[in-house]
Each structure stands twice: as C-alpha cells, then as structure tokens.
Amino acid sequence: MGIVSPSPLFDADLLRRYDTPGPRYTSYPTAPQFSARFGAEQLRTHAAATNRQDHARPLSLYVHVPFCTSPCFYCGCNRVITRDKARGELYLDYLYREIARMAPLFDSGRPVVQLHFGGGTPNFLTPAQIADCVAELRSQFSFATDGSMDFSIELDPRFVTPADIGELARVGFNRASLGVQDFDPDVQKAVNRVQGVDETLAIVAACREHGMRSVNIDLIYGLPKQTRAGFERTLDIVIEARQDRIAVYSYAHLPQLFKPQQRIAAEDLPTPEEKLALLQCAIERLVAAGYVYIGMDHFALPEDELARAQERGDLHRNFMGYTTHAESDLLGFGVSAISHIGDSFSQNPRDIPSWERAIDDGRLPVWRGMPLDRDDVLRADVIQELMCHGRLDYARIGKRFDIEFGEYFADALPRLQALAEDGLLTFNRVGFQATPKGRLLLRVIAMCFDRYLPATPAPDAPDAPRFSRTV
C-alpha cells in the first residue's frame, strides 16, 4: 500500500508568493517542446518499438470532438463554434480514416483498457453517432473484456437528455464528466453559459440510474461576478449530490490569447485576494465533506478508484488528467489530439483543414512531437511521482535508472532546500514529501526538476510556452 497523503492546508501568503506561471505537467516534456521535426515516420518507428517489447503495454484511446454550439466566454480549449450538425458527420468520416490508418501500427492482441471522448463538446454528436464511433474503434482494436474497461465522456448537461445517457450506457460508457463551473445566475450570464440546477442534477441521476461507475463535476473559481456566497451555494449543491469526483479549476484570464475572453470585463473579475478566498472555500468545504484531495484541482470520494489508486501508489497523470491506467500507450484521434506512444509524444494539427488535408493525402496527421531521451524519461518519472503522490523516494529512482540521485539532481537540491525552508516540503530518510501547505503547490516543486525551464521552445515551435498560473 502507498502512503496516504495529508489533506491540503491553505496558506494565503504562501500561495500568493508562489503564484507564478508554470506547467500543469500532463506531460513531461510539455507540449511547447514538441517540434515539427517529429512526424508520421517517427510515430511509426516508436509504435513498432512498443510492439517488440517483452510485455507490450495495453492501449488507451482518446477521441477529440472539437465542436460546441455556443461559446463559453471563459474557455481556452481548442474548439469550433457551430450549430451545423452536418459538420459532425463529416468530421467522423475523416476520424474513421485516421483510425484505420493508425490501428494497424499496433499488435491486435494489445487490449484497449480506456476510451475517453473529450472536446469541445462530445455530445455535439448524437448518441447514435457516438455509438457508431465506438463500433468503429471496436472493429479496429481489441477492447478489454474483463470488466476493467473505462469508457468516459465529457458532457454539457444543457445539450444531453436522460434518455441520451441510457443510450451512451448501452454503448458501454461507465464514467461521465459534467461541466458546471458555477450555478450562480449572474456568473452564468457573464460567461454565456446559463445552466439550471435541476437539468444538471437530472443528468447526474440518469448516469447513476444507468449504472455509471463515476460522475465528475467541473467547477471554476475566479470567474466574473463570482462571490464567495454564490460559490458556497454551488459547492453545497454539488456536495449534497455526492459526486464521485469534483474538479475545481482556476480561471486564467488571457484575453490576448483566447478571443472569447475579450467578452469578459476585467472589472467583473474577483480581485486576487477574493480569488484565493474562493479557492480556500472550495478546499475547506470539500475536505470537510469527506473528499480526498487527489492533487492539482481534483477531489474524489475515498471509495473512488482515483483515491484508491493514490493510496496504493499507482495513480497516473496524462493529457486526460488523473487516471488509474498508468502502464498504457495513449493514442489520440482527431484535431489537436496528443499521443504518448512508447518514449515519444506526437500531436495532430490544431486546425481542422490541416488535419483533413493530411488524411486526404494518405498520411498520418502528425503535426509535431518529440522523442524522449533517457533524461526526459527519468525526469518524467520524478515529476509523475510528485504530481500524483507528492513525495519522492531517492533510492527508488536511483535503482530504476542506475543513478545516484543527489549527484544527478545536484542542481535541483538547492531549490528544494529553499522550498523546504518556506514550508512546502520536508526531507525524510528516503527523500522528501510535500507538506499539507505544499500539496497545493506541487507544480512549483515539480518545476525544480524541469530542465526545460526557464522554458525555451523548440527552434521551429510556432510560439513561446504559455503556462497558466500555479494558483
């Protein structure tokens, strides 16, 4: 069994001092390091190498659906606003061609243990279209049949019905993530996402009625017009409904990067002090209600599989967030999707025309990526351990990679010492562990091991790294 991590402890002064831009570490190295020098042929080479391993890893599949019917002003995701449902059918045609081109690269005996639909708004597609897409994937890959398979989908409760949930469950979906952000009507109007409590809870009830193993609710703090009293009411509703998982994300106001955010008046945003108070409210309410702090923005009930995986010590983090499927290769399909195959990352084009053009040309639609050297793999393991469990065992890392930890990371140790003096971590006989105060700043601790910081993009990267703030 793993060591149970302590609940986080809110320290406003400490959070304020360390609130700087930094990676979210859904990958290491992070996406700004990807280069156009890595293309389809490199992906094929790495895929072939994974098949030759003594114990070929299972597969996780990610499908990106970029369409939304209306813009949420806070959103910084890669999405396309349209009400033209015909675009979904055309998109699926190209998606199936991409799947057919990618699937033969992997041995047919490698089981798929996880499938996730993200976006955008995956339920822009009809349940029948989603079922067809799953059937296409089943025809190309071998899905696990031992009951361990995770079928998950992100849903906008405004555009899905309880009957739709029944259809999705019959296809195999057993996990759902619902976007809420805030139930306060003033906040909803300010971000162009008006969503009723009753309609949302009806979808939650339908998920449970149809046997879904887990329901996640996404909230955001720092939105325009948001107040502590209003956010407390939202938290009370979500806690009373006893969601299995709750994510509480920080709103990053970057109108120069994300055009929809230009519709948000800066004067409507909470002050930095008010935003910290919203975070404190969320942490204290959720912990008091019995939720386990997983890390970053995520909380889960103690019996949820994420909490159990963290307790066992085998929690994992990737582009889909926290997951229990650590030992798998990730295959991403659709515009902007990212794959993690063996010791490599690769990403599809961010715009639909470029993605379609590659498929029309008979190519795997790889826009950029990178191979990982031994140092990348080592540091990724260190950062993974920190982000998932908040601690490091020097001997474990040393034995796995045949290094002397203190020598290899001599440059990181003074930075860790400074964080220890500030109360973010404590050293022990095997390494160190984040303190309750430091658990809210795991990204800051992980940055000590990131050799690409101060971040400089690959020579042909289209833009400089842009990271959200750590709080």
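Computed from a predicted model, the values in this text were never measured in an experiment.

**Concerning the overall build of the protein chain**
Reasoning step 1: Each helix and strand counted, the protein chain has 16 helices and 20 strands in total.
Reasoning step 2: Here the C-alpha radius of gyration of the protein chain, 22 Å, is about what a compact globule of 471 residues would show, namely 23 Å.
Reasoning step 3: Along the first, second and third principal axes, the C-alpha set of the protein chain runs to 55 × 55 × 45 Å.
Reasoning step 4: Residue burial in the protein chain is summarised as follows: out of 471 residues, 56% are buried.
Reasoning step 5: Considering only contacts within the protein chain whose residues lie at least 6 apart along the sequence, 74% involve residues at least 24 apart.
Reasoning step 6: A total of about 19,400 Å² of accessible surface is found on the protein chain, and carbon and sulfur atoms cover 51% of it.

**Comments concerning the confidence of the model for the protein chain**
Reasoning step 1: Looking at the protein chain, pLDDT values average 92 and 96% of them are 70 or higher.
Reasoning step 2: Note that pLDDT drops below 50 for residues 455-465; the model gives that stretch 22 contacts with residues more than four away or on any other chain.

**Notes on the environment of Thr227**
Reasoning step 1: In this structure, Thr227 sits in the loop between β8 (214-221) and α8 (228-240).
Reasoning step 2: Separated by 3.1 Å, the side chain of Thr227 and the backbone nitrogen of Gly230 make a polar contact.

**Brief notes about unusual backbone geometry**
Reasoning step 1: The omega torsion of the bond from Tyr28 to Pro29 falls at -5°, within 30 degrees of zero and hence cis.
Reasoning step 2: Topologically, Pro29 is positioned in the loop between α1 (12-17) and α2 (40-51).
Reasoning step 3: The step from Gly119 to Gly120 runs through a cis peptide bond, and the omega angle for that step is 20°.
Reasoning step 4: Along the polypeptide, Gly120 turns up in the loop between β4 (111-119) and α4 (127-140).

**As for the nonpolar core**
Reasoning step 1: In this structure, Leu115, Phe117, Leu137, Phe141, Phe173, Ile445 and Phe449 are the most contacted members of the largest nonpolar core, which totals 128 residues.
Reasoning step 2: Setting aside chain neighbours within four positions, we find Phe449 in contact with Tyr28, Arg379, Val382, Ile383, Leu386, Leu392, Phe405, Phe409, Ala412, Leu416 and Phe432.
Reasoning step 3: Core analysis: the next-biggest nonpolar cluster, separate from the first, contains eleven residues, Cys72, Val187, Ile220 and Leu223 among them.

**Examining the packing of α4 against helix α5 (residues 162-171)**
Reasoning step 1: Where α4 contacts α5, the two axes come as close as 10 Å, and the packing angle between them is 10°. Compared by their axis directions, α4 and α5 come out roughly parallel. Contacts between α4 and α5 involve Pro127, Ala128, Ile130, Ala131, Val134 and Arg138 from the former and Asp164, Glu167, Leu168 and Val171 from the latter.
Reasoning step 2: A per-class count over the contact of α4 with α5 returns seven nonpolar, no polar and three charged.

**Quick word on the sheet that holds strand β19 (residues 425-427)**
Reasoning step 1: Strand order in the open sheet made by the three strands is β18-β20-β19, with antiparallel pairing throughout. Each end of this open sheet is capped by a strand with a single partner; those strands are β18 (391-393) and β19. Geometrically, the sheet is characterised by an average inter-axis angle of 20° between neighbouring strands, direction not taken into account.
Reasoning step 2: As judged from the three bridges shared by β18 and strand β20 (residues 431-434), these two strands associate in the antiparallel manner. Bridged to Leu392 within β20 is Phe432.
Reasoning step 3: Against the sheet, helix α12 (residues 374-389) contacts β18 and β20, and its axis sits at roughly 135° relative to β18.
Reasoning step 4: Where helix α15 (residues 412-421) meets the sheet, its contacts fall on β19 and β20, and the angle it forms with β19 comes to roughly 115°.

**Describing the packing of aromatic side chains**
Reasoning step 1: According to the stated counting rule, one finds 19 aromatic pairs in the structure shown.
Reasoning step 2: A ring pair is formed by Phe34 and Phe345, whose centres lie 5.6 Å apart and whose planes are at 20°; its orientation type is stacked. Of this pair, Phe34 sits in the loop between α1 and α2 while Phe345 sits in strand β16 (residues 344-347), and the two are 311 residues apart along the sequence.
Reasoning step 3: You can call Phe34 buried: its relative accessible area is 1%.
Reasoning step 4: Aromatic side chains Phe143 and Phe151 sit 5.8 Å apart centroid to centroid with 45° between the ring planes, which places their arrangement in the tilted category. Take Phe143 and Phe151: they sit in the same class, and that class is buried.
Reasoning step 5: One aromatic cluster is present, formed by Tyr394, Phe405, Tyr408, Phe409, Phe427, Phe432 and Phe449 through successive ring pairs.

**With respect to the pattern of salt bridges**
Reasoning step 1: Tallying each qualifying case throughout the model produces 31 salt bridges.
Reasoning step 2: Asp361 is the salt-bridge partner of Arg363, the closest N and O atoms lying 3.4 Å from each other.
Reasoning step 3: Across the pair Asp375 and Arg379 runs a salt bridge whose closest N-O atoms are separated by 2.9 Å. Residue Asp375 and its partner Arg379 are located together in helix α12, separated by four residues, close to a single helical turn.
Reasoning step 4: Judged by its relative accessible area of 7%, Arg379 falls in the buried class.
Reasoning step 5: Via salt bridges that share partners, Asp373, Asp375, Asp376, Arg379 and Arg451 belong to a single interconnected network.

**Things to note about the state of the cysteines**
Reasoning step 1: Evaluated as defined, the whole model comprises zero disulfides.
Reasoning step 2: Counting only cysteine sulfurs, Cys68 is the nearest neighbor of Cys207, a cysteine outside any disulfide, at a range of 18 Å.
Reasoning step 3: On the basis of relative accessibility, which here comes to 0%, the residue Cys207 falls in the buried class.
Reasoning step 4: Cysteine Cys388 remains unbridged, with the sulfur of Cys448 as its closest cysteine sulfur at 17 Å.

**What to know about α8**
Reasoning step 1: Look at α8: 18 Å from first C-alpha to last across 13 residues, which is about the 18 Å you get at 1.5 Å a residue.
Reasoning step 2: Of all the positions in α8, only Gly230, Phe231, Glu232, Thr234, Leu235, Val238 and Ile239 are classed as buried.
Reasoning step 3: Count one or two residues on from α8 and you reach Arg242, which has phi positive near 55°.

**Looking at the environment of Arg396**
Reasoning step 1: Among the secondary structure elements, Arg396 is positioned in helix α13 (residues 394-401).
Reasoning step 2: Accessibility expressed as a relative area gives 33% for Arg396, which makes it partly exposed.
Reasoning step 3: Sequence separation between Arg396 and Gly22 is 374 residues; the distance between their C-alpha atoms is 26 Å.
Reasoning step 4: Not counting residues within four places of it along the chain, the set of residues in contact with Arg396 comprises Asp381 and Glu385.

Rules and cut-offs
- Residues numbered from 1 in each chain as written.
- Predicted model: local features only at pLDDT ≥ 70, side-chain atom pairs only at ≥ 80, totals over all residues.
- Heavy atoms only, no water.
- Helix = DSSP H or I, 4+ residues; strand = E, 2+ residues; numbered from the N terminus.
- Rg over C-alpha atoms; globule rule 2.2 N^0.38 Å.
- Buried < 20%, exposed > 50% of the residue type's maximum accessible area, 1.4 Å probe, protein only.
- Contact = heavy atoms within 4.5 Å.
- Areas by Shrake-Rupley, 256 points an atom, 1.4 Å probe, with all protein chains shown as cover.
- pLDDT = per-residue confidence, 0-100.
- Polar contact = N/O pair within 3.5 Å; in protein donor to acceptor, adjacent residues only side chain to side chain.
- Core = buried A, V, L, I, M, F, W, Y, C linked by side-chain atoms within 4.5 Å.
- Axes fitted to C-alpha atoms, helices over the stretch in contact; angles between N-to-C directions.
- Parallel < 35°, antiparallel > 145°, perpendicular 65-115°, else oblique.
- Nonpolar A, V, L, I, M, F, W, Y, C, P; charged D, E, K, R; others polar.
- Pairing = 2+ DSSP bridges.
- Phe/Tyr/Trp six-rings, centres within 6.5 Å; stacked < 30°, edge-to-face > 60°.
- Salt bridge = Lys/Arg side-chain N within 4 Å of Asp/Glu carboxyl O.
- Disulfide = S-S within 2.5 Å.
- Expected span 1.5 Å × (residues − 1).

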